[in-house]
Amino acid sequence: MTDQQKIILQEMEESDVEVRREAAEKAGKLKDRKMIAPLTRLLGDSVWRVRKTAIDALLQMDAVQDVISNLILALRSQDNAGMRNSAVEALIRIGTPAVPSLCQAVKDRDPDVQKFAIDILGEIKDPRCIDVLIEALQDPDENVKASAAENLGNIGDPRALQSLLQILGKDDFWLKFPAIEAVGKIGDPQAIPALQELLEEKRLKKPVLTALGRLGNTDLFPALVPSIADKKRTIRNAAVIGISDILHRFADDPAGAEQFRKAASPETVEGLIEVIQEDSPSLRMAAIELLGILGDPKGVPYLIDFLGDIALHDRIIDALIRIGSPAEPELMKALDHPDELIRKAAAYVLGHIGNQETLDKLMALLQDSNGHVRQSAAMALGLIRDPGSSSELIPLLNDPYPDVQQAAVFALQQIRDRDQIPALLHLLSDESAAYRKNAASVLGALQVEEAVEPLLFTLKDEVPEVRKAAVTALGRIQGERAIEGLSLVLSDENTDVRLAAASALGDFSTEASIRILQSILQDEDIWVQCAAVKGLGKIGGAVCLDLLLPLLDHAPPPVQIAVIEVLAERKGSRVFSALLRKLEHPDMEIRRTAILALGKTGNPAAFDSLLYLLDSPDWSERNTTVEALGLLGDMRGLQYLREISASDPDELIRKTADRAIQSLMRK
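Remember, predicted model here, so these are calculated numbers, not experimental data.

1. A look at the packing of helix 2 (residues 17-30) against helix 4 (residues 48-58)
Stage number 1. For the pair helix 2 and helix 4, interaxial distance at closest approach is 8 Å and the crossing angle is 5°. Looking at the two axes, helix 2 sits roughly parallel to helix 4. Contacts between helix 2 and helix 4 involve Val-17, Glu-18, Arg-20, Arg-21, Ala-24, Glu-25 and Gly-28 from the former and Arg-49, Val-50, Thr-53, Ala-54 and Ala-57 from the latter.
Stage number 2. Class assignment for the residues of the contact of helix 2 with helix 4 results in five nonpolar, two polar and five charged.

Structure follows, in structure tokens:
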């Protein structure tokens, strides 16, 4: 042993915590197997920082099997929980190399060591241990058997299913609990009949309901739904979660909700009302959703009471909208509630229900002292689309709050009451900039041709936001006079106004608009150039393509990116070859945009080029390439994506691969 090692061993015995911690750190850097046993002893240190450093040091050792052997020995430490827990953490972090030794430890004479080994294997989830854990189901020690069942579920390997199902048919009552849970986690529908047989056993009902929720389908609702009315809250709650899980898993099945309603009774509603008063947010959300599906008005007052809870607010709104007309009487009362959040939500829901008999109450809310309530009332009136409310909405175009103004604009655009056109035209010259801007937006959405001349005058307004609204309105109305006005605005001092004009010109699809957009490809502002590119992209055609392709050779990077994004929506060999060339560009953002564009083209000829980029040393380029393979729709990419999903060292890239696989499978 070297002098340095002797010093480290002495420091490990010091009373000073920091000296011991640093000694562990030094021992790890040596990577000498002689340090493994002393470091293992430090796992029992009274201070967690020392234990943590000792774990990290052991994981640096090259002699991995020696480390594993020492850690398994540490599991025998009956009088030092810190040492055992640290050994467990270290073995989990070592992972698959520790599996053979842990499998041997499952057969140890000490039940505590057996259980620790089984629990660690359950965390590592290596399928090599399945047979050993199945054998452990026959162990004489109750805790070992229960741990084996539990961790077979954690691993989720279907090979364990039959052994677990055999337990369900035996008299070992306490072993049935972890076995039921494990069967649910494995998720094989073969287990459904065996689980259903246990539904009548009151003490097992909760885990059975949970398991059936994990692996069952909507055909089980007649068997599961009655448990929502159970007097025992744990059973009631398990039924709600289980049924909710099934509905989410089969969300694409339109018959699922109907099957739930058929299986329900008045007692089901009472049970759900009890559940929404539980403390668990996930439980309450599930119950709220089920109340919405049932559509029984009995639950509405309870739902409204909880609207003030921000965490549940959106879920309750969805449920009330689903209940629909039967909820109206209580919602009408809620419009007078002292809580503005409840008034706002009630107005929103009534708008979605769309009953014109609620108009008077909603119009009264346009005078509410709270801006959020006024906004919601305006949106609701827009959804109902009754012209009788439009005159009441116009004053909100000048509300102190921009969100309320936008809600009024939305509502007037939806109602499309042309009787209000004279009033809106008059507002274009009002002293309020808000009135001028919002009136222009509404007139544009209504495509009022007689508004063109007043809007042209508004293009000279002193407020840039008003000029921008007028530009957008002219783009919607169109016509030769509108183009003339937009061409003049291209010299506006405000960049946002010029951007709006470039975007609006793309909607005209005329020779004049192409000519004007071509002229602003040289605008002093790079973002106006980008807007011109997107405008030409909207128009499309060979002429626009001839204008855009040369920009890929000399334009600034943001403009090139805008061109590439436009080309992603185009077909043809010229476009494809231009995008391929951009894969060699030195600018990373340009390359990434080109990669995605090639994916969006759906051209199988892009496959080999994208495959080559999977080896890129740059993380972002690899991630974008994975995404592009999902967009491309070429099933040859599936095997590569699955490999990346299973083994790529970067978690974000693995997640991108998972999404890409889903995208491919939908093609």
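2. Comments concerning the layout of surface pockets
To find the voids left in a structure, one rolls a probe of water-molecule size over its atoms.
Stage number 1. Space inside the largest pocket adds up to approximately 300 Å³.
Stage number 2. Lining the largest pocket we find 15 residues, and of these Lys-437, Ser-441, Lys-468, Ala-469 and Thr-472 sit closest to its centre.
Stage number 3. Elements supplying a minimum of two residues to the lining of the largest pocket: helix 27 (402-415), helix 29 (433-445) and helix 31 (464-477).
Stage number 4. Here the second largest pocket defines a volume of roughly 230 Å³.
Stage number 5. Every residue lining the second largest pocket is listed: Leu-456, Leu-459, Lys-460, Arg-467, Arg-481, Glu-484, Gly-485, Leu-488, Val-489, Asp-492 and Glu-493.

3. As for unusual backbone geometry
Stage number 1. A positive phi is found at Lys-125, a non-glycine position, where the angle reads about 60°.
Stage number 2. Within the fold, Lys-125 resides in the loop between helix 8 (111-124) and helix 9 (130-136).

4. As for the environment of Leu-456
Stage number 1. Along the chain, Leu-456 turns up in helix 30 (residues 452-458).
Stage number 2. Residue Leu-456 is classed as buried on the basis of its relative accessible area of 13%.
Stage number 3. For Leu-456 and Leu-488, which are 32 residues apart along the polypeptide, the C-alpha to C-alpha distance reads 9.8 Å.

5. Thoughts on the environment of Asp-399
Stage number 1. Structurally, Asp-399 is set in the loop between helix 26 (390-393) and helix 27.
Stage number 2. When the C-alpha atoms of Asp-399 and Tyr-435 are compared, they prove to be 9.1 Å apart, with 36 residues separating the residues in sequence.
Stage number 3. A distance of 2.9 Å separates the side chain of Asp-399 from the side chain of Arg-374, its partner in a polar contact.

6. Points about the packing of helix 11 (residues 161-168) against helix 12 (residues 173-186)
Stage number 1. At their nearest, the axes of helix 11 and helix 12 sit 9 Å apart, and the two run at 145° to each other. Judged by the sense of rotation from one axis to the other, the crossing of helix 11 with helix 12 is left-handed. Of the residues in helix 12, those touching helix 11 at Leu-161, Leu-164, Leu-165, Ile-167 and Leu-168 are Leu-175, Lys-176, Ala-179, Ile-180, Ala-182, Val-183 and Ile-186.

7. As for the environment of Glu-142
Stage number 1. Within the fold, Glu-142 resides in helix 10 (residues 142-155).
Stage number 2. For Glu-142, a relative accessible area of 43% corresponds to the partly exposed category.
Stage number 3. Remark: the alpha-carbon pair of Glu-142 and Gly-371, spanning 229 residues in sequence, is separated by 63 Å.

8. Things to note about the nonpolar core
Stage number 1. Counting residues in hydrophobic clusters, the biggest one holds 239 residues, and the most contacted among them are Leu-39, Leu-164, Leu-195 and Leu-320.
Stage number 2. Among the elements that line this core, the one with the most residues is helix 19 (residues 281-294), at eight residues.
Stage number 3. Every residue in contact with Leu-39, bar those within four places of it in the chain, is listed here: Met-12, Ala-24, Ala-27, Gly-28, Ala-54, Ala-57, Leu-58 and Met-61.

9. Brief notes about the side chain of Asn-151
Stage number 1. Considering the arrangement of structural elements, one finds Asn-151 in helix 10.
Stage number 2. In this structure the side chain of Asn-151 is engaged in a polar contact, spanning 2.9 Å, whose partner is the side chain of Asp-119.
Stage number 3. Discounting chain neighbours no more than four positions away, the residues touching Asn-151 are Ile-118, Asp-119, Gly-122 and Leu-133.

10. Considering the confidence of the model for the chain
Stage number 1. Within the chain, residue pLDDT values average 92, and 100% of them lie at 70 or more.
Stage number 2. Within the chain, the lowest mean pLDDT, 85, falls on helix 32 (residues 480-489), and the highest, 97, falls on helix 27.

11. Looking at the pattern of salt bridges
Stage number 1. Going through the model one piece at a time under the given rule, you end up with 40 salt bridges.
Stage number 2. Between Lys-655 and Glu-651 there is a salt bridge, and its shortest N-O distance comes to 3.5 Å. Taken together, the positions of Lys-655 and Glu-651, both in helix 44 (residues 651-666) and four residues apart, correspond to about one turn of that helix.
Stage number 3. Given a relative accessible area of 46%, Glu-651 falls into the partly exposed group.
Stage number 4. Shared partners join several salt bridges into a network, and the residues in it are Glu-18, Arg-21, Glu-25 and Arg-49.

The rules behind these values
- Residues numbered from 1 in each chain as written.
- Predicted model: local features only at pLDDT ≥ 70, side-chain atom pairs only at ≥ 80, totals over all residues.
- Heavy atoms only, no water.
- Axes fitted to C-alpha atoms, helices over the stretch in contact; angles between N-to-C directions.
- Helix = DSSP H or I, 4+ residues; strand = E, 2+ residues; numbered from the N terminus.
- Parallel < 35°, antiparallel > 145°, perpendicular 65-115°, else oblique.
- Contact = heavy atoms within 4.5 Å.
- Nonpolar A, V, L, I, M, F, W, Y, C, P; charged D, E, K, R; others polar.
- 1 Å grid on protein atoms, 1.4 Å probe; cavity = no way out; pocket = protein on both sides within 12 Å on 5 of 7 lines; lining within 4 Å.
- Points joined across faces, edges and corners; volume = space filled by probe spheres on them.
- Buried < 20%, exposed > 50% of the residue type's maximum accessible area, 1.4 Å probe, protein only.
- Polar contact = N/O pair within 3.5 Å; in protein donor to acceptor, adjacent residues only side chain to side chain.
- Left-handed = near helix turned anticlockwise from the far one by under 90°.
- Core = buried A, V, L, I, M, F, W, Y, C linked by side-chain atoms within 4.5 Å.
- pLDDT = per-residue confidence, 0-100.
- Salt bridge = Lys/Arg side-chain N within 4 Å of Asp/Glu carboxyl O.

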